[in-house]
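Chain and residue survey
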Amino acid sequence: MGQVFAATKSCRTATMVGVANAPKALPTQRDMAILGVIDSARDQMGITQQGLALAIGVSQSQVSRIFSGQRPATLPELLDMCGVVGMTLSEVAQRAGEC
C-alpha cells in the first residue's frame, strides 16, 4: 500500500494520513552521519539547539528528536539547517561520506 502525505500550510512538514499502524522508518547510518555533520557545525558555531530551532521554525524538542533519530527531518528542515550552519546539503553529504 502506498503512503499518502498531507502537507501543512507552511509546507515545512508532511504527515502520513490514511495508513494505520504504518511502521516508522529508522534512520540509516548515512542519515545519522548527515545529522552529525550539521550538529557538529552548529556546536562549533556556538548555536544552541534552541537557536537552530528558532531559525528553522520548529521547537527545540523537535530539533532534539531529529538529532536523536526519533523523528526524520523534512527536506525543507534539512535545507534550512544547512543554511544556518553555512553549508549546502551537498557539502554536508560529502562531509558525512568522509566520516
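Being a predicted model, the structure only gives us computed values, none of them experimental.

1. A word on the confidence of the model for the chain
In this model, the chain carries a mean pLDDT of 82, and residues with pLDDT of at least 70 account for 75%. Confidence drops under a pLDDT of 50 for residues 1–20, and excluding neighbours within four residues, the segment shows 27 contacts in the predicted structure.

2. Describing the nonpolar core
Of all hydrophobic cores here, the largest spans 21 residues; its most connected members are Ile38, Leu52, Val63, Phe67, Met81 and Val92. Breaking this core down by element, the ones donating at least two residues are helix H1 (29–44), helix H2 (49–56), helix H3 (60–67), helix H4 (75–84) and helix H5 (89–97). The greatest single-element share of this core, amounting to six residues, is contributed by H1.

3. Focus on H5
Turn by turn, an α-helix covers 3.6 residues, leaving residues three or four places apart pointing in a common direction. Among all positions in H5, only Val92, Ala93 and Ala96 are buried. The buried residues of H5 all sit within an arc of 95° when viewed along its axis, so they share a single face. Exposed residues lying more than 90 degrees from the buried face of H5 are Ser90, Gln94 and Gly97. On the buried face of H5, the contacting elements are H1 and H4.

4. Topic: H1
For H1, spanning 16 residues, the distance from its first C-alpha to its last is 22 Å, which sits close to the expected 22 Å at 1.5 Å a residue. Listing the buried residues of H1 in full gives Ala33, Ile34, Leu35, Val37, Ile38, Ala41 and Arg42. Packed against the buried residues of H1 are H2, H3, H4 and H5. Remark: Gly46 follows H1 within two positions and exhibits a positive phi of approximately 75°.

5. Comments concerning the environment of Ala93
By the secondary structure assignment, Ala93 is in helix H5. Measuring from C-alpha to C-alpha, the distance between Ala93 and Ala33 comes to 8.3 Å, with 60 residues separating the pair along the chain.

6. Considerations on the pattern of salt bridges
In total, this model carries two salt bridges according to the counting rule given. Across the pair Arg42 and Asp39 runs a salt bridge, and its minimum N-O distance is 2.8 Å. Placement of both Arg42 and Asp39 in helix H1 is noted, with a separation of three residues, approximately one turn of the helix. On the basis of relative accessible area, Asp39 is assigned to the partly exposed category, the value being 23%. A salt bridge links Glu77 to Arg71; the shortest N-O distance between them is 2.8 Å. An identical accessibility class is assigned to Glu77 and Arg71; each is buried.

Here is what the cut-offs are and how they apply
- Each residue is numbered by its place in its chain's sequence as written, counting from 1.
- For a predicted model such as this one, the threshold for reporting local features is a pLDDT of at least 70, and the threshold for listing and counting side-chain atom pairs is 80 or more; totals across whole chains, interfaces and linings nevertheless cover every residue.
- Heavy atoms throughout the structure, all of them, feed into the side-chain values; hydrogens and water do not.
- In predicted models, pLDDT denotes the confidence assigned by the predictor to each residue on a 0 to 100 scale.
- For this analysis, residues touch if any pair of their heavy atoms sits within 4.5 Å.
- What is meant by a nonpolar core is a set of buried Ala, Val, Leu, Ile, Met, Phe, Trp, Tyr and Cys residues, joined one to another through side-chain atoms within 4.5 Å.
- Each residue is assigned to one of three classes by its accessible area relative to the maximum for its type, calculated with a 1.4 Å probe on protein chains only: buried under 20%, partly exposed between the two thresholds, exposed over 50%.
- Starting at the N terminus, helices and strands are each numbered in turn, a helix being any DSSP run of H or I of at least four residues and a strand any DSSP run of E of at least two.
- This arc is built from the directions going out from the helix axis to the C-beta atoms.
- One fewer than the residue count of a helix, multiplied by 1.5 Å, yields its expected span.
- Whenever a carboxyl oxygen of Asp or Glu lies within 4 Å of a side-chain nitrogen of Lys or Arg, that contact is scored as a salt bridge.

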